[in-house]
Amino acid sequence: MLLTEYRLDLVIQALRTALKMEHPADAVLRHFFQEERIGSNERSLVAETLFGTLRHRLFLEYACKLEEKGIASARRMALAYWVKFGGYNLRELEPLLKVKEADWLGKVKGIVVDELPLSIQAELPDWIIEKLRVLHNDDAILLLGLSMQQPAPLDLRVNTHLAGRNEVLQALQSEGMDAQATPYSPMGIRLKYKPALNRHALFLTGKFEVQDEGSQLLGLLLAPKRNDMVVDFCAGAGGKTLMLGAMMNSQGRLYAWDISEKRLTNLKPRLKRSGLSNVQPQLIAHENDNKVKRLAGKIDRVLVDAPCSGLGTLRRNPDLKFRQSPQSVAELTVKQSAILASAARLLKKGGRLVYATCSLLQEENQGIVEAFLATHPDFSLLPAGEVLHQQHIDLEMGDYLQLTPQSHDTDGFFAAVLERNKPAVTPVADILPTTAPSSPAQ
């Protein structure tokens, strides 16, 4: 795409707002496009540059220090991104450059990234690296960081209540889309490119939804049966709720709970498209709402997709690594523990709960589950790998589901499968008298 002063100015405007970290990057972009009525080429350039700059922000800030004034302005970061990662050469940029900027960009282009500190190579702030070192060595952290710098593919989940995967897959392929079945989820489709699908006939008729394959595996771990009573405790806009409803073939009862009325409102058009009649969206005030108390001990399956740092989604939300902090993570762990403890009260004996996050941090994941099990002896951990094999999913896992972009090409997900223990059954032999009574006289 030809770079012009006008296009550079648009990019700078959007970047200035995004780099303040006051709002999520996608919200910044949405607002910018509402304010600036620009063409599709300009929209594409602004979006690509904004997210690319956030993915490579630590390198770009380092590169800006090579310039005489050393200021990491939106302009300099955009120019450095284009020359280092955007595929533009200096000759294409030259008409836009001020005095000495060409010399500086030449130095930027020549930087050997492999020789830089781990935080810059991995594009992860030092505090995140320190937390990841609880479970990973530096080589693994680098691979993780590099994978997070790549854009995510577009995954779809077929609504099995209305269609089969092959039907949807063949329809997309017949339209020339590079669509393939996902390797793990039996209802997933992966698109290499990202066409606009919100007006596609199959989407409008509810036959597919956009959903990362890792997120789909959470529903498969929960494995609800058709006539179960199920609660999606933190339903949000309902992507996993709709998946569970389809797995139940629109039977049983499925409660979609959330504390946000706006998120539940966003679920309504999706629910209408889905054709499901077993979903009941309900607003709750907090994790100890009366609705929780009324259903205590009555629910077969509970999904807790807990609010978390979101650091497993950095391919899609690169700004999160700058908008989260050690303090915000500490606050989240308190909330996660409270939600898990409250949600667990819903389960009947023999019921199953899946606790999940899209975080990579031990304290939001294993730490929460281990602390819960230590204080709830009536619960036990079901190995996630065994549960997946029961669902005929060929994915090697141990006690927990742990997905990463570099290993599974999904977002980073964690999940633990918990079961409320049934009372021990006393053997019949222990109930019968040890000595048989005498036979009556013949």
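Our structure's up above, just so we're on the same page.
Residues numbered from 1 in each chain as written. Predicted model: local features only at pLDDT ≥ 70, side-chain atom pairs only at ≥ 80, totals over all residues. Heavy atoms only, no water.

### Side note on the pattern of salt bridges
In this structure the tally under the stated criterion is 22 salt bridges. Across the pair Arg 57 and Glu 61 runs a salt bridge, and its minimum N-O distance is 2.8 Å. Here Arg 57 pairs with Glu 61, and both are found in helix H4 (residues 57-64), just four residues apart, close to one helical turn. In this structure Glu 61 comes out as partly exposed when scored by relative accessible area, which is 25%. Glu 213 is the salt-bridge partner of Arg 190, the closest N and O atoms lying 3.2 Å from each other. Taken together, the residues span a long stretch of sequence, with Arg 190 in strand E3 (residues 188-191) and Glu 213 in helix H13 (residues 213-222) at a distance of 23 residues. Pair check on accessibility: Arg 190 and Glu 213 agree, each one buried. A single salt-bridge network, built from bridges that share partners, covers Asp 155, Arg 190, Asp 212, Glu 213, Arg 315, Arg 316, Asp 409 and Asp 411. (Salt bridge = Lys/Arg side-chain N within 4 Å of Asp/Glu carboxyl O. Helix = DSSP H or I, 4+ residues; strand = E, 2+ residues; numbered from the N terminus. Buried < 20%, exposed > 50% of the residue type's maximum accessible area, 1.4 Å probe, protein only.)

### Some remarks on helix H11 (residues 165-174)
Listing the buried residues of H11 in full gives Val 168, Leu 169 and Leu 172. Buried residues of H11 fall within an arc of 100° about the axis and therefore sit on the same side. When the buried face of H11 is taken as reference, the exposed residues oriented beyond 90 degrees from it are Asn 166, Gln 170 and Ser 174. On its buried side, H11 packs onto strand E1 (154-158), strand E2 (179-181), E3, helix H12 (201-204) and strand E4 (208-210). Among the residues trailing H11, Gly 176 stands out with phi positive, at a value near 90°. (Arc of directions from axis to C-beta. Contact = heavy atoms within 4.5 Å.)

### Considerations on the sheet that holds E3
Taken in spatial order, the four strands line up as E2-E3-E1-E4 in an open sheet, and their pairing is antiparallel. Sheet topology places E2 and E4 at the edges, where each strand pairs with a single neighbour. The mean angle between the axes of side-by-side strands here comes to 30°, regardless of whether they run parallel or antiparallel. Note that E2 and E3 share three bridges and pair antiparallel. Within E3, the residue paired with Gln 180 across the bridge is Arg 190. (Pairing = 2+ DSSP bridges. Axes fitted to C-alpha atoms, helices over the stretch in contact; angles between N-to-C directions.)

### Things to note about the nonpolar core
Among the nonpolar cores identified, the biggest contains 43 residues, and Val 46, Leu 50, Phe 59, Trp 82 and Leu 93 are the most heavily contacted of them. Going through the elements one at a time, helix H1 (5-18), helix H2 (25-35), helix H3 (40-55), H4, helix H5 (74-84) and helix H7 (101-109) are the ones with two or more residues in this core. Sorting elements by how many residues they give to this core places H5 first, with eight residues. Apart from residues lying up to four places away in sequence, Phe 59 is in contact with Lys 84, Phe 85, Val 108, Ile 111, Val 113, Leu 116, Ile 120 and Glu 123. (Core = buried A, V, L, I, M, F, W, Y, C linked by side-chain atoms within 4.5 Å.)

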